[in-house]
Amino acid sequence: MDIDALRKDHPDHWMKAACIRTLTLDAVAAANSGHSGAPMGMADVATVLFEKHLKFDASAPNWPDRDRFILSAGHGSMLVYSLLYLTGDAQITLDQIKNFRQLGARTAGHPENFLADAIETTTGPLGQGISNSVGFAIAEEAQRAAWGKRVVDHMTYVMAGDGCLMEGVSQEAIALAGHLKLSHLVVMWDNNGITIDGKVSLSDSTDQCARFAASGWNVLQIDGHDPVAIDEALTKAKASDKPTMIACKTHIALGHAAQDTSKGHGALTDADQKAATKEAYGWNHPDFTIPAPLKEAWEAIGARGAQDRKDWETRLAALSDRKREEWERQQSGAVPKKLSAVIRALKKQISDEAPKVATRKASEMALEVINPVMGETIGGSADLTGSNNTKTGDLGVFSAEDRAGRYIYYGIREHGMAAAMNGMALHGGVKPYGGTFMCFTDYARPAMRLSALMKIAPVYVMTHDSIGLGEDGPTHQPVEHLAMLRATPNTHVFRPADAVETAEAWELALSTTSAPSVLCLSRQGLPTVRTEHKVKNLTAQGAYVLADAEGKRQAILLATGSEVAIAMEAKALLEAEGIGTRVVSMPSMDLFAAQDEKYRKRVLPAGAVRVAVEAGVRQGWDQWLLGERGREAKAGFIGMSSFGASAPAGELYEHFGITAEAVAEKVKSLL
């Protein structure tokens, strides 16, 4: 449908959509930066969605039973900012639109969830939004099963472009969504045939409709500028028993000189071309000006869901006090009071019995007491359930047939799993955790980085954390991964030494609401080093004195995970020679760095030789070896400086020189 026909046949719709297009043109021109084409191309779809289908109340952007709108093509951020301003969102004002892409504005270059309540997820890295949406839809289904349709019953709508569909993670996401029959999920594909380099046909000839259909989706194809066709397609999508993909054939940068070209993708800033485009739209208002009748019409759309919200609040209020309190606790992300009690009891049992278990098994032991008291946990694994030890007997399996199950078989889809977990965490009311081998954080990494950026708290259960996994060899043995994870801002990295520290790490990970946690867990059995029960969560301090020097302190050994036991053996060797040795367990460098100077000085006083031992690279350790009153001449590291090898774990520790004897010799060489 061309502009003239649209203006003639659907004048009211046309002018509402023109509000989005002109605000986009003005904001991008003012910033001299941004992406004009996608908002201009998808304005018709967005207008129909918001006016006739999206259940939302602009005055209550955090209403839990709202429909979710995700702009996966995050570069087109002026689409969502325009919609929020037009519908009356209190945070996205006209000043925010005028300050698009400027320091301190809520209207960042790509939508960021923590800058405005109505922005559901941070998008921009392509493929992430559509993959998050699968987690949103899973969370909605799970909560509907737990709380009933009167409390939870909403849709998730996604706008995605060619870039989102080309990214590999999109296939992981759509395959999982189709398999799980997530019928409350609707993807609207901006099918404009253009990428930055030129026509899509330069690099891709995939039949996207056939691809979605093959993955178990309902597929509809429409003219993305025809409001009647858009409305009909959305109505059909809501009635489907499968997730739906609507292929919306659109013109990028509709009405501009750059329409249907790669130039139309980016920043359209030429003043004469902008004026000509507005003239073609029949728009003769000053920049950043929405005439009062149009602004009022859009604000009425923003208020359309207010009654739905009030009705929902009445239904929520009708729940028993106990149920409503539990709903509110789960929505807030707070842990139940019972959690600390069950963790404490487990810690005491472990200290008393002193089992030798892999920390991946210890993680399962913790989950066996956590999952029964936290009905909001949703676990899973990327096809390594038996190796990651992520499934407890009480969970059941979340499937197309059973929405009450709380365990997801993600298949071999690490990236899709991590992105879906982000979606669940963003949706609220659930606490997702998922497992794979730690080496495959490489596959999950883009979504893990976004967990940290978005200030959300999924828990990554990463097992087989070193050469200690043995025969699978260097392809599977993480060496640089701890350093990479620790280098990521706002990420809690835990490498527990035994089952007690593992239980403490789980308590901390679940109690956190604004940062992801990574649990780095061993394949091999580890002795219990915390044999004296302490009520206090020592892991919360990041590092602590596990065993002090028996005589005059001459050496401090710092270690994490499986190497803490090696440090304890080295201490025994050194003490036998009269060398007083302190052992510091450091399950979380970032939490130790957050402690006050006084505490850090108590744990790492000046004077003694310091040797760190960890079956990974040295990067990151010099902060504790050379800084914090340390000296280069009195510091050493025992660990890895190369990739691993394929052999039994014990032989590998000998081969790479990560032994108690090597630690003791290093200390003596520095005295």
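Residues numbered from 1 in each chain as written. Predicted model: local features only at pLDDT ≥ 70, side-chain atom pairs only at ≥ 80, totals over all residues. Heavy atoms only, no water.

Caption draft 1: View of the packing of aromatic side chains. Taken as a whole and assessed by the stated rule, the structure comprises 13 aromatic pairs. Taken together, a centroid distance of 5.3 Å and an interplanar angle of 75° make the contact between Y407 and Y409 edge-to-face. With relative accessibility at 0%, the residue Y407 sits in the buried group. An aromatic cluster is built from F50, F56 and F69, whose rings are joined through pairwise contacts. In this structure, K295 packs its charged tip against the face of Y85, placed 4.5 Å from the ring centre. The ring of F114 is capped by K455, whose NZ or CZ atom sits 4.5 Å from the centre of that ring. (Phe/Tyr/Trp six-rings, centres within 6.5 Å; stacked < 30°, edge-to-face > 60°. Buried < 20%, exposed > 50% of the residue type's maximum accessible area, 1.4 Å probe, protein only. Lys NZ or Arg CZ within 6 Å of the ring centre and 35° of its normal.)

Caption draft 2: Seen up close, the sheet that holds strand β13 (residues 517-521). Taken in spatial order, the six strands of this open sheet run β9-β8-β10-β11-β13-β12, and their pairing is parallel. Edge positions in the sheet fall to β9 (407-409) and β12 (492-494), since each of these pairs with one other strand and no more. The sheet shows a mean angle of 20° between the axes of neighbouring strands, taken without regard to direction. In this structure, strand β8 (residues 377-381) lies alongside strand β10 (residues 431-437), joined through three bridges in parallel fashion. Looking at β10, one finds that S381 is bridged to G435. Packed onto the sheet, helix α19 (residues 441-454) meets β10, β11 (459-463) and β13 and runs at close to 160° relative to β11. (Pairing = 2+ DSSP bridges. Helix = DSSP H or I, 4+ residues; strand = E, 2+ residues; numbered from the N terminus. Axes fitted to C-alpha atoms, helices over the stretch in contact; angles between N-to-C directions. Contact = heavy atoms within 4.5 Å.)

Caption draft 3: The environment of A292, seen in detail. Mapped onto the secondary structure, A292 falls in helix α12 (residues 292-303). Separated by 70 residues in sequence, A292 and A362 place their C-alpha atoms 63 Å apart.

Caption draft 4: Expanded view of the sheet that holds strand β6 (residues 218-223). One open sheet accounts for five strands, arranged β1-β2-β3-β7-β6; its pairing is parallel. The open sheet is flanked by β1 (68-71) and β6, the only strands paired with a single partner. The mean angle between the axes of side-by-side strands here comes to 20°, regardless of whether they run parallel or antiparallel. In terms of strand pairing, strand β2 (residues 156-160) meets strand β3 (residues 185-191) through five bridges, oriented parallel. Each residue of the ladder has a partner; that of T156, found in β3, is L185.

Caption draft 5: Just helix α14 (residues 321-332), in detail. With twelve residues, α14 should cover 16 Å at 1.5 Å per step; its first-to-last C-alpha distance of 16 Å lies within 8% of that length. For α14, the complete set of buried residues consists of W327, R329 and Q330. Seen from one end, α14 has its buried residues packed into an arc of 165°, which puts them on one side. Facing away from the buried surface of α14 by more than 90 degrees, the exposed residues are D321 and E325. Just downstream of α14, G333 is the residue with a positive phi angle, here 90°. (Expected span 1.5 Å × (residues − 1). Arc of directions from axis to C-beta.)

Caption draft 6: Local environment of the pattern of salt bridges. Scanning the model with the defined rule gives 37 salt bridges in all. Linking D548 and R582 is a salt bridge whose minimum nitrogen-to-oxygen distance equals 3.0 Å. In this pair, D548 sits in the loop between β14 (544-547) and β15 (553-559) while R582 sits in strand β16 (residues 580-585), placing the two residues 34 residues apart along the sequence. Assessed through its relative accessible area of 38%, D548 is described here as partly exposed. E575 is the salt-bridge partner of K571, the closest N and O atoms lying 2.9 Å from each other. You can see K571 and its partner E575 sitting in helix α22 (residues 563-576), four residues apart, about one turn around the helix. In this pair, the class of K571 matches that of E575, namely buried. Beyond isolated ion pairs, a larger network of salt bridges with shared partners links D26, K274, K278 and D287. (Salt bridge = Lys/Arg side-chain N within 4 Å of Asp/Glu carboxyl O.)

Caption draft 7: Focus on helix α6 (residues 128-147). For α6, spanning 20 residues, the distance from its first C-alpha to its last is 28 Å, which sits close to the expected 28 Å at 1.5 Å a residue. Buried residues dominate α6, accounting for 18 of its 20 residues. Residue G148 follows α6 closely and has a positive phi angle near 90°.

Caption draft 8: Representation of the pairing of β16 within the structure. The element β16 is largely enclosed, with a buried count of six among its six residues. Neither face of β16 is open: one carries G580, R582 and V584, the other T581, V583 and S585, and all of them are buried. In terms of strand pairing, β14 meets β16 through three bridges, oriented antiparallel. Among the inter-strand pairings, Y544 is bridged to a residue of β16, identified as S585. Across six bridges, β15 lies against β16 in parallel orientation.

Caption draft 9: Structural context of the nonpolar core. Core analysis: the largest hydrophobic core is formed by 66 residues, its most contacted members being F69, M188 and I246. No other element matches helix α2 (residues 11-31), which puts ten residues into this core. Filtering out sequence-adjacent residues up to four positions away, I246 remains in contact with V186, V187, M188, W189, L220, I222, A233, L234 and A237. Residues L176, I408, Y460 and C520 belong to the second largest nonpolar core, which totals 54 residues. (Core = buried A, V, L, I, M, F, W, Y, C linked by side-chain atoms within 4.5 Å.)

Caption draft 10: Inspection of the side chain of R144 at higher detail. Looking at where R144 falls in the secondary structure, it is placed in helix α6. Separated by 3.4 Å, the side chains of R144 and H184 make a polar contact. If we ignore the near neighbours within four places in the chain, the residues touching R144 are K149, V152, D153 and H184. (Polar contact = N/O pair within 3.5 Å; in protein donor to acceptor, adjacent residues only side chain to side chain.)

Caption draft 11: Quick look at the environment of Q477. Relative to the elements of secondary structure, Q477 occurs in the loop between β11 and α20 (481-486). As a C-alpha pair, Q477 and D153 span 324 residues in sequence and 44 Å in three-dimensional space. Those residues in contact with Q477, other than ones at most four positions away along the chain, are C439, S466, I467, L469, G470, G644, A645 and L652. A distance of 2.8 Å separates a polar atom in the side chain of Q477 from the backbone oxygen of A645.

Caption draft 12: Quick look at the environment of L202. Here L202 shows up in the loop between β5 (198-199) and α9 (208-214). What makes L202 exposed here is its relative accessible area of 62%.

Geometric descriptors of this kind do not, in isolation, establish any biological role.
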